[in-house]
Amino acid sequence: LCVVIKNNFFDFLESRGFVHESTVKDSIGILLPEEICKGYIGFDCTSDSLHVGSLLPLMILRNFQKFGHKPIILIGGGTTLIGDPSGKDETRKILTKDEIDSNKKKLKKIFEKFVSFDTKLSNCAIIVDNYDWLMQLKFIPFLREVGSKFSVNKMINLESSKIRLEREQHLSFLEFNYSILQAYDFVELFNKFKCKIQFGGSDQWGNIISGIELAKKMINTTLYGVTTPLITTSTGQKMGKTANGAIWLSKDKLKITDFWQFWRNTSDSDVFKFLNLFTDLESKEIDNLRNSNQDINELKIILANEVTKICHSEKDSKNAEKEASILLTKGNIDLSAIENCEKKISINEKTIINKFSLKEALIKLELSSSNGESKRLISQGAVKLNEDVIINKEEIIRIDMFKIVSDENNKKFLIIYVGKKKYGIIELIG
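It should be emphasised that the depicted structure is a prediction, and the values quoted were computed from it without experimental measurement. Throughout, a residue's number is its position along its own chain's written sequence, starting from 1. Per-residue local features are limited, in this predicted model, to residues with pLDDT of at least 70; the limit for side-chain atom pairs, both in listing and counting, is 80 or more; totals at the level of whole chains, interfaces and linings are taken over all residues. The basis for every side-chain value is the complete set of non-hydrogen atoms in the structure, without hydrogens or water.

Asks: Quick question: what am I supposed to make of the overall build of the chain here?
Replies: For the chain, the count of helices and strands is 19 helices and 14 strands. Each residue is placed in one exposure class: buried if its accessible area under a 1.4 Å probe, protein chains only, is under 20% of its type's maximum, exposed if it is over 50%, and partly exposed if it falls in between. By the burial criterion, 48% of the 430 residues in the chain qualify as buried. We call two residues in contact when some of their heavy atoms are within 4.5 Å. Restricting to contacts in the chain with at least 6 residues of sequence separation, those with at least 24 account for 72%. Using a 1.4 Å probe, accessible areas were evaluated by the Shrake-Rupley method; residue-level cover was limited to the displayed protein chains. As displayed, the chain offers around 21200 Å² of accessible surface, 48% of which is attributable to carbon and sulfur atoms. Runs of H or I in DSSP of at least four residues are treated as helices and runs of E of at least two as strands, each being numbered from the N terminus.

Here it is, written out as structure tokens:
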């Protein structure tokens, strides 16, 4: 680690709200200066995508590289075979080696959105897999060399173990060893790359400290750790948890327009916090926006665009904004936006004749999850067909409701709105 972290990067993290706990701030001065610092975050391969709960550590790595340092992404090909008990009330599903390998490939595509792996850069990011060294370990030598450095008394008081034990929930011996392996990873990354700092979520603090203590005992080296806070919305809800499920970073698991809308729907009081944490905007630019008296809805669009641009692409961001603005503006419907809409179904005239209900349409468009919810939305006046509010819970879709948007191709569409921000399209064919 070098002086620039103390003078610039760490100050940046604190000013933007990234820091929950840290061993860095008071001790950074004792570190030997070097041109490029190395820091890492570990990601287990329990899924084929990450969700916005992982966005904060990803943004730390992104900014770490922007400040001239070298990010290391540790893929937990080995630790995923064990399962991290942190934040879980029960044992995670044990995945096969093939499932883990498949997940690893898909996760790498996500990492490429946040950091550069261009080998022409002196601080290019690298990906390493702890499977490469953990699977080489022999049980007895590992227990003697590494396990002997751990106190069971401390291990059962780690947050990941303590919660399970207090609730008398099952904690397997397999999971109990997870913190030892994560600690060993930190030492291994120092030995291989001189990596001195680990970043992680607040639930990883105990595991990070275990790695720092192990390095002291095994190789007489001081390592450092920084954790990020648990991000909650103004309502107290955990970030990324919605009624419709997780907000995934992969477009294969969540449509980009839905991702964009998630950020567009941010509550007023969270906008500037999220601009600081999840965008590339300079701090001065965010301060200028705060002092500009700009309409809060315009700021939410800026937030949605900036986050979508990082997690997907600038083109995807612009398309999502265009679709939302065109379809939600009265009397201004654009054919290209309709055709690119992801919440769209096609039906034929025979379906209409056989009585296709509005309730069913809402479910098929994923604007509602059940008949009961459809009825509630309709009775509350939250549903519109084109520009007409519908209050009849038994409303049937009719052919005369469809509009011709383009005279050239004679295509007919019906737009269904739910509230002010959600919509879907039915295309009439045949």
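From this point, the narrative continues.
Asks: Explain the packing of helix α11 (residues 256-264) against helix α14 (residues 296-311) here, please?
Replies: Each packed pair of helices is defined by two parameters, the angle between the axes and the distance between the axes. Axis definition: a line fitted to C-alpha atoms, over the contacting stretch in the case of helices. Angles run 0 to 180 degrees between N-to-C directions. Remark: α11 packs on α14, axes separated minimally by 8 Å, with the N-to-C direction vectors making an angle of 140 degrees. Between α11 and α14, the angle falls in the class oblique. The two elements α11 and α14 cross, and the hand of that crossing is right-handed. Every residue of α14 that contacts α11 at I256, F259, W260, W263 and R264 is listed here: N297, K300, I301, L303, A304, N305, V307, T308 and C311. Nonpolar residues are Ala, Val, Leu, Ile, Met, Phe, Trp, Tyr, Cys and Pro. Charged residues are Asp, Glu, Lys and Arg, and all others, Gly as well, are polar. Class assignment of the residues belonging to the contact of α11 with α14 gives a composition of nine nonpolar, three polar and two charged. Here is the rule for angles: anything less than 35 degrees is roughly parallel, anything more than 145 is roughly antiparallel, 65 through 115 is roughly perpendicular, and the remaining ranges are oblique. Each crossing gets its handedness from the near helix: less than a right angle anticlockwise from the far helix is left-handed, clockwise is right-handed.

Asks: Looking at this structure, how should I read the sheet that holds strand β4 (residues 126-129)?
Replies: Sheets are built from strands paired through backbone hydrogen bonds, the pairs being either parallel or antiparallel. Should DSSP find at least two bridges between two strands, the strands are taken to pair. Ordered in space as β1-β6-β5-β2-β3-β4, the six strands form an open sheet in which the pairing is mixed. Edge positions in the sheet fall to β1 (21-22) and β4, since each of these pairs with one other strand and no more. Contacts from helix α10 (residues 205-219) reach β1, β5 (197-201) and β6 (224-228), with the element oriented near 175 degrees to β6.

Asks: Would you mind showing me how to read the pattern of salt bridges here?
Replies: Pairs can form between side chains of opposite charge whenever their charged atoms are close. Note on definitions: salt bridges are taken to be side-chain nitrogens of Lys or Arg within 4 Å of carboxyl oxygens of Asp or Glu. One pass over the structure, following the stated rule, counts 17 salt bridges. Taking the shortest distance from any N to any O, the salt bridge between K106 and D48 comes out at 3.8 Å. Taken together, the residues K106 in helix α3 (residues 97-111) and D48 in the loop between β2 (38-44) and α2 (55-66) connect sequence positions 58 residues apart. Of the residues examined, D48 reaches a relative accessible area of 22% and is grouped as partly exposed. A salt bridge links R62 to D280; the nearest nitrogen and oxygen atoms lie 2.7 Å apart. Of this pair, R62 sits in helix α2 while D280 sits in the loop between α12 (271-278) and α13 (283-290), placing them 218 residues apart in sequence. Taken together, the salt bridges that share partners define one network made up of D48, K106 and K253.

Asks: Would you take a moment to explain the nonpolar core for this structure?
Replies: The nonpolar side chains of soluble globular proteins are, as a tendency, buried together. Take the buried residues of types Ala, Val, Leu, Ile, Met, Phe, Trp, Tyr and Cys, join any two whose side-chain atoms come within 4.5 Å, and each joined set is a nonpolar core. Membership of the largest hydrophobic core comes to 66 residues, with the highest contact counts inside it found for L55, F114, F199, L249, F259, W263 and F278. In terms of residue count, the dominant contributor to this core is α2 (seven residues). When near neighbours in sequence (up to four residues on either side) are disregarded, W263 contacts V52, L55, M239, F274, F278, K300, L303, A304 and V307. By size, the runner-up hydrophobic cluster in this structure holds 28 residues, among which are Y40, I72, L134 and L223.

Asks: Help me understand α2, please; the structure alone is not making it clear to me.
Replies: A helix is expected to span 1.5 Å for every residue after the first. Spanning twelve residues, α2 covers 16 Å between terminal C-alpha atoms, matching the ideal 16 Å at 1.5 Å per step. Among the residues making up α2, those that are buried are L55, L56, P57, L58, M59, I60, L61, R62, N63, F64 and Q65.

Asks: Explain the pairing of strand β3 (residues 70-76) to me, please; I cannot follow it from the model alone.
Replies: Sheet faces and side chains relate simply in a regular strand, where the side chains alternate between the two faces. β3 sits mainly inside the fold: seven of its seven residues count as buried. A two-sided burial pattern is seen for β3, the buried positions comprising K70, I72, L74 and G76 on one face and P71, I73 and I75 on the other. In terms of strand pairing, β2 meets β3 through seven bridges, oriented parallel. Across the sheet, residue F43 finds its bridge partner in β3, namely I75. Here a crossover is taken to be right-handed if, once the strands point away from the viewer, the path from the first strand over the helix to the second is traced clockwise. Following the chain from β2 across α2 to the adjacent parallel β3, one finds a crossover that is right-handed. Across four bridges, the pairing between β3 and β4 is parallel.

Asks: Explain the packing of aromatic side chains to me, please; I cannot follow it from the model alone.
Replies: In this description, a pair of aromatic rings is defined by centroid distance and the angle of the planes. Working definition: rings of Phe, Tyr and Trp (its six-membered ring) pair if their centres are within 6.5 Å, and the pair is stacked with planes under 30 degrees apart, edge-to-face with planes over 60 apart, and tilted otherwise. Inspection of the entire model under this criterion finds 14 aromatic pairs. Considering the side-chain rings of F142 and Y184, the 5.5 Å spacing of their centres and the 85 degrees angle between planes classify their relative orientation as edge-to-face. Of this pair, F142 sits in helix α5 (residues 139-145) while Y184 sits in helix α9 (residues 178-193), placing them 42 residues apart in sequence. The residues F142 and Y184 share a single accessibility class, namely buried. Site record: aromatic cluster; members linked through ring pairs are F9, F12, F18, F64, F67 and F199. Only Lys NZ and Arg CZ are tested; either one counts as a charge over a ring when it is within 6 Å of the ring centre and within 35 degrees of the ring normal. For K384, the ring lying beneath its charged end belongs to Y417, and the centroid distance is 5.3 Å.

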